[in-house]
Amino acid sequence: MRTYVEFAVKKFQNRMAYRLEFFMGIINTIITIIVYLCIYRALYGGAKEIDGITFQMVATNFVISLGLSDAFTFNEMFLQDKIHDGTITNEFLKPVNFVFRMLSENIGEGVFKMVFNFIPALLFTLLYASLCPPQSLLNLFVMVFSMMLGYLILWLISFIIQTWSFWLFSVWGIMTIKNVFVNILSGTLLPLWFMPAVIRKIISFTPFGSIYFTPVRIYLGELKGADILYGMAVQLIWIVILAVIANIFWKQGVRKLVVQGG
């Protein structure tokens, strides 16, 4: 376990070396937040709320979702590049689990983005717009745990598609389609409150709503008591399902790679 923590720490430290990228990341996040808040403010047209959803709730949902989506971004071509240049075989010779190493490094990069990109941008946003405070300190802590579960869901979805590199020359197009689905169905661009009831029902049967929207609803206090437990149980169930699928694709892909190499 300590070895994988070291991988995460090393990735965190490596990202700190690129100072220009660090500052540009903050500026990019701030600009994105301001632009979208201006769009949402124009859509509200001075109204205090629409269908019981206040502009403050929408702004909070967008800022948190954007921050999480930025922190949850990682190199989704990593496995494909390893396969194409043949260095994947060298990875199997190392005394560490390649998949856990990938996850550890991605977590280290995500923590960096959260601390040095999102938090500074959030502090600036608080000067520009009023956001909803957490329902309670307990909600904030539970939201952090739910956020980590959401991260695992998104990472597993990405990893499953990355394993298709064993059979496909490029998974870039599929990753692009996946990102579109995530942005739309997770509530990042358009809060799921405004989705038609039928669409929300369909989304509830997918893992996408559990990535960002569940943590946001916990933060805002929309989910309470048993509803919080149910929402997080759904996240855990999706993690188990996706982990099983990812394990199947990974083992089949590695077996195919070994056969080709032999």
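It should be noted that the structure appears before, not after, this text.
Calculation rules
- Residues numbered from 1 in each chain as written.
- Predicted model: local features only at pLDDT ≥ 70, side-chain atom pairs only at ≥ 80, totals over all residues.
- Heavy atoms only, no water.
- Core = buried A, V, L, I, M, F, W, Y, C linked by side-chain atoms within 4.5 Å.
- Buried < 20%, exposed > 50% of the residue type's maximum accessible area, 1.4 Å probe, protein only.
- Helix = DSSP H or I, 4+ residues; strand = E, 2+ residues; numbered from the N terminus.
- Contact = heavy atoms within 4.5 Å.
- Axes fitted to C-alpha atoms, helices over the stretch in contact; angles between N-to-C directions.
- Parallel < 35°, antiparallel > 145°, perpendicular 65-115°, else oblique.
- Left-handed = near helix turned anticlockwise from the far one by under 90°.
- Expected span 1.5 Å × (residues − 1).
- Bend = angle between axes of the 7 residues up to and from the residue.
- Polar contact = N/O pair within 3.5 Å; in protein donor to acceptor, adjacent residues only side chain to side chain.
- Salt bridge = Lys/Arg side-chain N within 4 Å of Asp/Glu carboxyl O.
- 1 Å grid on protein atoms, 1.4 Å probe; cavity = no way out; pocket = protein on both sides within 12 Å on 5 of 7 lines; lining within 4 Å.
- Points joined across faces, edges and corners; volume = space filled by probe spheres on them.
- Nonpolar A, V, L, I, M, F, W, Y, C, P; charged D, E, K, R; others polar.

### Points about the nonpolar core
Across soluble globular proteins, nonpolar side chains show a tendency to be buried alongside one another.
Step number 1: Judged by nonpolar contacts, the single largest core of 72 residues is most densely connected at Phe72, Trp155, Ile211 and Trp250.
Step number 2: Tallying contributions element by element places helix α7 (residues 137-163) first for this core, with eleven residues.
Step number 3: With residues up to four places along the chain from it excluded, the contact list for Phe72 reads Met147, Gly150, Tyr151, Leu154, Ile211 and Tyr212.

### A look at the environment of Ile53
Step number 1: On the secondary structure map, Ile53 appears in strand β2 (residues 53-54).
Step number 2: Of the residues examined, Ile53 reaches a relative accessible area of 9% and is grouped as buried.
Step number 3: Considered as a pair, Ile53 and Trp193 are 140 residues apart in the sequence and their alpha carbons are 7.7 Å apart.
Step number 4: Contact partners of Ile53, with chain neighbours within four places excluded, come to Tyr44, Val58, Trp193 and Phe194.

### Points about the packing of α7 against helix α8 (residues 172-185)
If you want to describe how two helices pack, look at the angle between their axes and the distance between the axes.
Step number 1: At a closest axis distance of 10 Å, the pairing of α7 and α8 adopts a crossing angle of 160°. On the basis of the axis angle, α7 is roughly antiparallel to α8. Regarding α7 and α8, the two cross each other, and that crossing is right-handed. Contacts between α7 and α8 involve Leu154, Ile157, Ser158, Ile161 and Gln162 on the former and, on the latter, Ile174, Met175, Lys178 and Val182.

### Here we look at the packing of helix α6 (residues 98-128) against α7
Step number 1: In contact at an axis separation of 12 Å, α6 and α7 are set at 130° when each is read in the N-to-C sense. Compared by their axis directions, α6 and α7 come out oblique. The two elements α6 and α7 meet at a crossing, and its hand is right-handed. Mapping the contact onto sequence places Val99, Met102, Leu103, Asn106, Ile107 and Met114 in α6 and Met147, Tyr151, Leu152, Trp155, Phe159 and Gln162 in α7.

### Considerations on α6
Step number 1: With 31 residues, α6 ought to run about 45 Å at 1.5 Å a step, and its terminal C-alpha atoms sit 43 Å apart, in line with that.
Step number 2: Where α6 bends most, at Phe118, the angle is about 35°, and the proline Pro120 comes one to four residues later.
Step number 3: Its side-chain oxygen placed 3.0 Å from the backbone nitrogen of Val99, Asn97 serves as the N-cap of α6.

### Let's talk about the pattern of salt bridges
Step number 1: A full pass over the atoms with the stated rule returns seven salt bridges.
Step number 2: Among the ionic pairs, Glu91 bridges to Arg101, the shortest N-O distance being 2.3 Å. Residue Glu91 is located in helix α5 (residues 88-91), and its partner Arg101 is located in helix α6; the two are separated by ten residues in the primary sequence.
Step number 3: Relative accessible area serves as the criterion here: at 10%, Arg101 is assigned to the buried category.

### Topic: the layout of surface pockets
Step number 1: Considered as a void within the structure, the largest pocket measures approximately 510 Å³ in volume.
Step number 2: Lining the largest pocket are 18 residues; nearest its centre among them are Ser204, Thr214, Arg217, Tyr230 and Val234.
Step number 3: Those elements that provide at least two residues to the lining of the largest pocket are α9 (197-203), α10 (213-220) and α11 (226-261).
Step number 4: Counting residues per element, the lining of the largest pocket draws most heavily on α11, which supplies five residues.
Step number 5: Classifying every residue of the lining of the largest pocket gives eight nonpolar, six polar and four charged.
Step number 6: Considering only enclosed or pocket space, the second largest pocket measures out at about 320 Å³ in volume.
Step number 7: Lining the second largest pocket are 15 residues, and of these Phe118, Leu122, Leu140, Met143 and Tyr219 lie nearest its centre.

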